[in-house]
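# Geometric and topological summary
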There are 2 protein chains.
Amino acid sequence: MKTNKDILTSTLPGFMELLPNEQMVFNDMLETIKSSYELFGFIPLDTPVLERSETLLAKAGGETEKQIYRFKKGSTDMAMRFDLTVPLARYVANNQRNLVFPFKRYAIGKVYRGERPQAGRLREFYQCDIDVIGDEVLDINYDAEIPATIYNIFKKLDFGKFTIKINNRRILNGLFDSLNIADKSKSVMQTIDKLDKIGLGAVEKGLSKLVVSKDSTDILMKFVQTKGTSEEIIEKLLKLKIKNEKFKTGMEELSQVIKKAREFGLPKKYIQIDLSIARGLDYYTGTVYETFLDKYPEIGSICSGGRYDNLASTYTYKKLPGVGISIGLSRLFNQLYKKGLIKMGASTPTKILVISIDDKQEVAYKFTQLLRQNKISTEFSYSNDKLKKQIKYADKLGIPYIVLIGEKETNENLYTLKNMRSGKQQLLPVNEVINQILNQK
Amino acid sequence: MKTNKDILTSTLPGFMELLPNEQMVFNDMLETIKSSYELFGFIPLDTPVLERSETLLAKAGGETEKQIYRFKKGSTDMAMRFDLTVPLARYVANNQRNLVFPFKRYAIGKVYRGERPQAGRLREFYQCDIDVIGDEVLDINYDAEIPATIYNIFKKLDFGKFTIKINNRRILNGLFDSLNIADKSKSVMQTIDKLDKIGLGAVEKGLSKLVVSKDSTDILMKFVQTKGTSEEIIEKLLKLKIKNEKFKTGMEELSQVIKKAREFGLPKKYIQIDLSIARGLDYYTGTVYETFLDKYPEIGSICSGGRYDNLASTYTYKKLPGVGISIGLSRLFNQLYKKGLIKMGASTPTKILVISIDDKQEVAYKFTQLLRQNKISTEFSYSNDKLKKQIKYADKLGIPYIVLIGEKETNENLYTLKNMRSGKQQLLPVNEVINQILNQK
């Protein structure tokens with residue numbers, strides 16, 4: 001039976017909390033994403049978690065309104081952000097005179113959605129977003145730089161081969177126009193988008209329900225199933241000879257983005273046109289992306305986004321086209337964790353534990369300071385426990401090295417460095433200790 | 001008149017939001033704190049922003065209950081954390097079997113307090129906490145390592161000379177015992193704590209109201225005004241010959257902490273005993289700290305904390321003594337900003353903007369990738385604008401370097417590197433460009 005103390009100490013369902021070794025890995029992933037975003041010149045932005053409900057919900061619909069954490073404090077109706085895009089739109093609208101366009105920003109922060117508790121669904125989770133916002137116009141090349149950035153990140157994160165799947169909404173919309181089903185485009189898009197989840201038969205059934213003619217459904221089904229290399233798909237689509245300006249523009253954009261992304265260093269096999277990627281949201285107007293781990297497609301897209309014509313029409317009259325992508329880091333971490341793909345390491349950033357024996361604390365303190373001056377995370381063992389127990393502390397935390405400082409060491413100016421993994425012990429001068437640890441990192 | 005769009009795009013009062021150049025400085029400060037905490041071996045911990053109200057308020061009283069952001073979603077009564085200490089207590093209680101003690105953790109995150117809007121009072125703000133938690137016992141030396149860590153941080157932050165003021169609650173409590181005013185210790189402590197804000201006269205008046213005899217008030221006033229170097233203060237206090245075990249223990253602890261902090265590299269003039277530091281909170285039982293910028297005492301304490309006997313009595317039967325300190329970074333940033341003490345730099349992490357002229361994009365892309373492989377934050381200019389406008393983009397953002405790549409550069413394998421600050425232009429091979437930028441950082 002759970003006691004009251006047990007209930008008091010547990011987190012709410014859907015709120016992730018990690019143990020030290022897990023947190024260390026999570027933070028490493030976060031740091032990899034952050035440093036890659038900065039490497040590509042994205043500017044950090046941190047907006048409040050709480051905003052006016054009116055602001056956050058200005059454009060939102062059904063599901064969002066249900067899931068949002070909203071409340072009143074005094075007379076103010078406020079809510080917790082459910083994504084990082086709405087705050088970005090508000091921010092850009094609010095600060096447009098002080099920003100330099102194209103405005104490349106990244107944001108890494110927690111967002112909140114009170115979803116029904118299902119396996120793996122988190123209510124508080126990190127999103128890691130980048131967006132490039134143009135002033136009235138935005139070069140199509142930015143659509144190619146986004147997947148190049150993502151490639152850089154997932155190569156470093158090292159969870160195996162992945163594929164960035166890419167499509168263009170103008171191609172879909174142009175096709176709908178030519179089939180005279182533009183009025184149903186939203187529902188058709190949402191149905192196509194479910195292909196991965198529900199399969200071909202169900203999509204076909206869904207489309208039949210929406211689309212008048214069987215011919216149109218057939219064309220759509222054939223369309224989304226067009227396979228091959230990106231080049232082959234483009235070739236096949238061109239052969240359809242669809243006479244529609246939107247379609248044509250979409251094709252040109254998609255070809256250009258594929259070509260440029262490769263020039264920006266994204267290898268061919270990591271980016272692939274997939275005509276079934278539609279991104280159900282109204283929001284997107286051009287390029288759309290989803291990213292999958294080749295070996296674990298069941299995880300679903302680990303990184304999605306796209307191009308939009310206008311970021312902030314609710315907040316400003318200025319036209320702000322943009323392109324962006326988001327990594328749902330908490331969910332990704334959770335899924336990889338369950339599959340045993342997260343390699344656990346140490347439970348602490350400490351690289352070395354300094355232990356003083358024979359009452360040589362003062363020398364040991366100096367040594368500790370010297371290591372820290374060399375940017376080596378160091379702990380001094382204040383314990384009065386027996387040596388064995390002090391070493392056990394390092395062992396339990398996964399601290400890779402210990403140094404023993406005693407009478408002998410002090411007299412000879414040599415220090416005993418013990419590698420906790422190999423068990424190897426060496427007697428070394430200070431500089432050698434420092435070099436070895438710095439080179440180890 | 002404010003239009004509806006203006007209201008929609010503003011943040012709530014008390015919620016800080018920064019422009020890019022400000023955010024860059026803020027993040028640098030955050031990073032300095034984080035890396036120093038890790039340098040001293042503190043383990044990162046990230047707990048949810050939302051918790052059960054019952055959990056967060058288990059021990060809280062008046063002001064906290066009024067200020068907390070609390071609401072119901074479905075049948076769950078939840079609230080946003082108002083500090084990082086209560087979540088730490090819950091976490092340690094919940095995970096005690098999986099943690100290694102002493103548990104040294106740091107936490108950097110936003111906390112929420114719906115305070116009445118006053119000048120400078122934030123409702124959402126970052127706290128940067130470290131705590132060391134012992135299992136039943138915790139060595140007094142940790143009380144000395146905390147100020148050594150803080151010294152390391154504020155030296156790097158470089159806002160001028162600061163002083164860590166230190167006292168011990170046992171000294172105060174022992175004195176109260178000897179004056180037979182232990183029953184009023186809380187109110188007396190809170191009155192003394194206001195000395196900096198309300199002045200001597202007002203404290204004396206406040207004490208008279210609380211304490212029966214005039215003699216006791218006189219002794220207290222004399223006590224809190226005891227001045228001199230730390231050594232002199234200790235000497236003067238010992239001369240008082242107060243026969244009280246608590247007082248004696250407090251004196252021993254304080255002397256030991258001062259001595260050890262110096263051995264850990266904290267210069268004498270940065271730490272100073274101040275007997276008027278009481279820390280009004282019930283919570284603290286031994287060492288207490290406050291930190292002041294010498295030139296700007298009006299900012300108040302920029303970093304405070306202390307020793308407590310038991311972290312989590314509400315959540316567990318295990319005794320968990322600890323010592324910790326907190327930097328209120330958002331408030332500190334705000335105060336320094338108002339005083340013009342924040343040195344603004346660039347509005348982007350980008351170190352170099354690559355501009356292709358004469359249609360040499362492919363060479364320029366390769367160059368961009370090479371710089372990024374060398375961990376240099378680089379942007380490629382996709383603009384079709386005139387060169388002058390592209391250079392202006394770099395100028396506005398404060399990007400320190402641009403590289404021009406054209407016909408001549410491509411043929412000769414030499415690249416034009418322009419230092420945007422000095423205006424100096426050099427024709428250099430790739431490696432020289434990389435070296436110059438890496439050495440500049």
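Heads up: the structure comes first, above all this text.
Residues numbered from 1 in each chain as written. Chains lettered and ligands numbered in written order. Predicted model: local features only at pLDDT ≥ 70, side-chain atom pairs only at ≥ 80, totals over all residues. Heavy atoms only, no water.

### Let's talk about unusual backbone geometry
Residue and element names in this part refer to chain A. To be explicit about the condition: Only runs of H or I of at least four residues qualify as helices and only runs of E of at least two qualify as strands under DSSP, and these elements are numbered from the N terminus.
With an omega of -5 degrees, the peptide bond running from phenylalanine 101 to proline 102 counts as cis. Structurally, proline 102 is set in the loop between helix H5 (85-95) and strand E5 (103-112). Phi is positive for lysine 241, close to 50 degrees, though the residue is something other than glycine. The backbone of asparagine 413 shows a phi angle near 60 degrees, a positive value even though the residue is not glycine. Mapped onto the elements of the fold, asparagine 413 is located in the loop between helix H16 (407-412) and strand E15 (415-419).

### Regarding the sheet that holds strand E2 (residues 50-52) of chain B
All names here are of chain B. We count it as follows: DSSP-based pairing: two strands are paired if at least 2 bridges between them are found. Each axis is a line fitted through C-alpha atoms, taken for helices only over the stretch in contact, and angles between the N-to-C directions span 0 to 180 degrees.
With respect to topology, three strands assemble into an open sheet ordered E2-E4-E3, the strand pairing being antiparallel. A strand with exactly one partner marks an edge of an open sheet, and here the two such strands are E2 and strand E3 (70-73). In this sheet, neighbouring strand axes are inclined to one another by 40 degrees on average, regardless of whether the strands run parallel or antiparallel.

### Quick notes on the packing of helix H6 (residues 141-157) of chain B against helix H12 (residues 245-263) of chain B
Residue and element names in this part refer to chain B. Spelled out, the test is: Any angle between 65 and 115 degrees counts as roughly perpendicular, while under 35 counts as roughly parallel, over 145 as roughly antiparallel, and the rest as oblique. Handedness of a crossing is defined here by the sense of rotation of the near helix relative to the far one, left-handed for an anticlockwise turn of less than a right angle and right-handed for a clockwise turn. Residues count as neighbours in contact if any of their non-hydrogen atoms are within 4.5 Å of one another. For this classification, the nonpolar set comprises Ala, Val, Leu, Ile, Met, Phe, Trp, Tyr, Cys and Pro, the charged set comprises Asp, Glu, Lys and Arg, and every other residue, Gly included, is treated as polar.
Two elements in contact, H6 and H12, have axes whose closest approach is 8 Å; the angle formed by their N-to-C orientations is 50 degrees. With respect to their mutual orientation, H6 and H12 come out oblique. Crossing handedness for the pair H6 and H12: right-handed. For the pair H6 and H12, contact is made by Asn141, Asp143 and Ala144 and by Gln256, Val257, Lys260 and Ala261, respectively. Across the contact of H6 with H12, the residue classes tally to three nonpolar, two polar and two charged.

### Comments concerning the interface of chain B and chain A
Our working rule: In short, buried area is how much 1.4 Å probe accessible area vanishes from two parts on joining, totalled over both. Here, a salt bridge means any side-chain nitrogen of Lys or Arg that lies within 4 Å of a carboxyl oxygen of Asp or Glu. Polar contacts, as used here, are pairs of N or O atoms within 3.5 Å; protein pairs need one atom able to donate a hydrogen and one able to accept it. Residues neighboring in sequence count only if both atoms are side-chain atoms.
Contacts between the two partners involve 94 residues from chain B, matched on the other side by 94 residues from chain A. Across the interface of chain B and chain A, roughly 8100 Å² is buried in total on both sides, 57% from carbon and sulfur atoms. Along the contact surface separating chain B from chain A lie eight salt bridges. Across the pair B:Glu17 and A:Arg90 runs a salt bridge, and its minimum N-O distance is 2.6 Å. Summed over the shared surface of chain B and chain A, the result is 44 residue pairs in polar contact (both at pLDDT 80 or more). In terms of residue count, helix H2 (residues 20-39) of chain B provides more of the side of chain B that touches chain A than any other element does, eight residues in total. Its residues assigned to classes, the side of chain B that touches chain A comprises 43 nonpolar, 27 polar and 24 charged.

### Here's the deal with the sheet that holds strand E14 (residues 401-405) of chain A
Residues and elements named next belong to chain A. Here five strands make up an open sheet; going across it, the order is E13-E12-E14-E15-E16 and the pairing mixed. The open sheet has two edge strands with one neighbour each: strand E13 (378-380) and strand E16 (425-428). Averaged over all adjacent pairs, the angle separating strand axes in this sheet is 25 degrees, with direction ignored. As defined by bridge partners, strand E12 (residues 352-356) adjoins E13 across three bridges and the pair is classed as parallel.

### Description of the packing of aromatic side chains
Short version of the rule: When the centres of two rings from Phe, Tyr and Trp lie within 6.5 Å, Trp using its six-membered ring, the rings pair. Their planes under 30 degrees apart give stacked, over 60 give edge-to-face, and anything left gives tilted. To sort residues, take the accessible area from a 1.4 Å probe on protein chains only and compare it with the maximum for the residue type: under 20% means buried, over 50% means exposed, and anything in between is partly exposed. Consider the ring centre and the ring normal. A charge sits over the ring if Lys NZ or Arg CZ is within 6 Å of that centre and within 35 degrees of that normal.
Counted under the stated rule, the structure contains 39 aromatic pairs over all chains. Ring geometry for B:Tyr283 and B:Tyr284: centres 5.2 Å apart, planes at 75 degrees, overall edge-to-face. The class of B:Tyr283 is partly exposed, set by a relative accessible area of 22%. A network of ring pairs unites the aromatic residues A:Tyr142, A:Phe264, B:Tyr365, B:Phe380 and B:Tyr382 as a single cluster. The ring of A:Tyr69 is capped by B:Lys73, whose NZ or CZ atom sits 5.5 Å from the centre of that ring.

### Regarding the relation of the copies chain B and chain A
Filter applied, for reference: Here the copies are matched by least squares. The fit uses the C-alpha atoms of residues with pLDDT of at least 70 in both.
For the pair chain B and chain A, the relating rotation is 180 degrees, the translation along its axis is 0.0 Å, and the fit reaches an RMSD of 0.0 Å. Seen this way, the second copy is the image of the first under a two-fold rotation axis. Taking C-alpha positions as the reference, the residue of chain B nearest the rotation axis is B:Phe71, at 3.1 Å. Looking at the interface residues of chain B, 100% of them are also at the interface in chain A, so both copies use one shared face.

Purely geometric numbers; function is a separate question.
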